[in-house]
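# Fold and geometry: a report
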Amino acid sequence: MPADGHENAGYRRLFEPDGLTFGAGFPLTGANRSTPDIEAEVELARHAEAVGFDGLWARDVPTYWPKFGDAGQTFDTWPWLSHVAARTDNIALGTSSVVLTLRHPLHVAKSAATVDRLSDGRLVLGVASGDRDPEYPAFDVDREERGALFRESVDALRTVWREEFPELEGRWGRLEGDLDVVPKPTTETIPLLPTGNARQSQEWIADHGDGWLFYHLPESTLESYLAEWRAAAGDKPFAIAVRVELADDRTADPEPLHLGFRAGVEWFRDYFRRLETYGLDHAIIGIQNDDREAALATFADEIIDDL
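Everything in this summary refers to the structure shown in the same document.

Attention now moves to the nonpolar core. Residues Phe53 and Phe272 are the most contacted members of the largest nonpolar core, which totals 76 residues. If sequence neighbours within four positions are ignored, Phe272 has contacts with Leu20, Phe22, Val244, Ala283, Ile285, Phe299, Ile303 and Leu307. If you look at the next biggest cluster of nonpolar residues, it comprises 10 residues, including Ala92, Val124, Leu213 and Ala239.

Once that is clear, we can look at helix 2 (residues 38-51). Its 14 residues place the ends of helix 2 20 Å apart at the C-alpha level, agreeing with the 20 Å of an ideal helix rising 1.5 Å per residue. Looking at helix 2, one finds that the buried residues are Glu41, Val42, Leu44, Ala45, His47, Ala48 and Glu49. Tucked into the core, helix 2 has its buried residues touching strand 2 (55-58), helix 3 (77-85) and helix 10 (292-304). Where helix 2 starts, the residue carrying a side-chain oxygen 3.2 Å from the main-chain nitrogen of Glu39 turns out to be Asp37. Of the residues flanking the end of helix 2, it is Gly52, one or two places downstream, whose phi is positive at about 125°.

What follows covers the pairing of strand 3 (residues 92-99). Among the 8 residues of strand 3, 7 are classified as buried, and the element is accordingly described as predominantly covered. When strand 3 meets strand 4 (residues 123-128), the two strands line up parallel, connected through 5 bridges. Paired with Val99 across the bridge in strand 4 is Ala128. As a crossover connection, the stretch from strand 3 through helix 4 (residues 105-118) into strand 4 is right-handed.

Time to look at the environment of Glu164. Structurally, Glu164 can be placed in the loop between helix 6 (146-162) and strand 5 (168-170). Since its relative accessible area comes to 63%, Glu164 is described here as exposed. Taking the C-alpha atoms as reference points, Glu164 and Arg174, separated by 10 residues in sequence, lie 15 Å from one another. The residues contacting Glu164, other than those within four sequence positions of it, are Asp180 and Lys184.

Secondary-structure assignment places Val51 in helix 2. Filtering out sequence-adjacent residues up to four positions away, Val51 remains in contact with Leu296, Ala297 and Ala300.

Attention shifts here to the packing of aromatic side chains. Counted under the stated rule, the structure contains 23 aromatic pairs. Geometrically, the ring pair formed by Phe22 and Phe299 is edge-to-face, given 5.3 Å between the ring centres and 75° between the ring planes. Of this pair, Phe22 sits in strand 1 (residues 21-25) while Phe299 sits in helix 10, placing them 277 residues apart in sequence. Take Phe22: its relative accessible area is 1%, and that puts it in the buried class. Its relative accessible area of 0% is what places Phe299 among the buried residues. Linked through ring pairs, Phe22, Phe53, Phe261, Trp267, Phe268, Tyr271, Phe272 and Phe299 together constitute an aromatic cluster.

Conventions we followed
- Residues numbered from 1 in each chain as written.
- Predicted model: local features only at pLDDT ≥ 70, side-chain atom pairs only at ≥ 80, totals over all residues.
- Heavy atoms only, no water.
- Core = buried A, V, L, I, M, F, W, Y, C linked by side-chain atoms within 4.5 Å.
- Buried < 20%, exposed > 50% of the residue type's maximum accessible area, 1.4 Å probe, protein only.
- Contact = heavy atoms within 4.5 Å.
- Helix = DSSP H or I, 4+ residues; strand = E, 2+ residues; numbered from the N terminus.
- Expected span 1.5 Å × (residues − 1).
- Polar contact = N/O pair within 3.5 Å; in protein donor to acceptor, adjacent residues only side chain to side chain.
- Pairing = 2+ DSSP bridges.
- Right-handed = clockwise from strand over helix to strand, strands pointing away.
- Phe/Tyr/Trp six-rings, centres within 6.5 Å; stacked < 30°, edge-to-face > 60°.

See below:
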């Protein structure tokens, strides 16, 4: 685990338990190309917390590109997580993931620290370099500079959270003199989980991240990634996202979905047990069933409680 300054309440909820923990990814209602029903989303978030999920994860999708296929939970990450924080109690709140290359780091620092304070330290930040090509010209960003911009943003976030009135300069601008960014987060720095490769080396991610967040991977690939990650990063956590559709037949064999599977609960139980033995720390579940409430409860009862 990282130093104490990184271990806010959300990070502890996700990664201190001995074994695999689970989160649920917004939009919980499945409405990812249009504005979801706010009350339905909140009720499912409260339901996920009540049945035993440890995290709720909101995506950062600055613009809607139909070719890519979805708009995340539609609502901007920061006000949405503030809204959810006010209506939940202890569940961790995560971003999966903030596109640092398209956001000014001082805005990210202030917004994230605000949500962290409003939620009593429940925020964990997945951070990314972005993957939707049309967004870069829309924000006047050179996509070839993504790697450098990402590194500069991480450095800026850490610095303005840790220091008062820091002097700092990057491609985003310059901070000097009698200027500070407030509020500060509940701990020394909000935990940062680079997502995918983020245009960085594994060594950089191991050194500068508080964990690694990845997309769904084939099982054998995940096993090898986890072995390499442990060698590079020690006990820093590794998390992935998996789409899950529970079949009516408990014993159904898996059928591939985009970034996940449709299968019976017995297969999913064995699958996640294997991932736990490989060393996976957290899985963000994207439920695909029409009846989300029932599926979340079944997943918690049949899989989370049995691991």
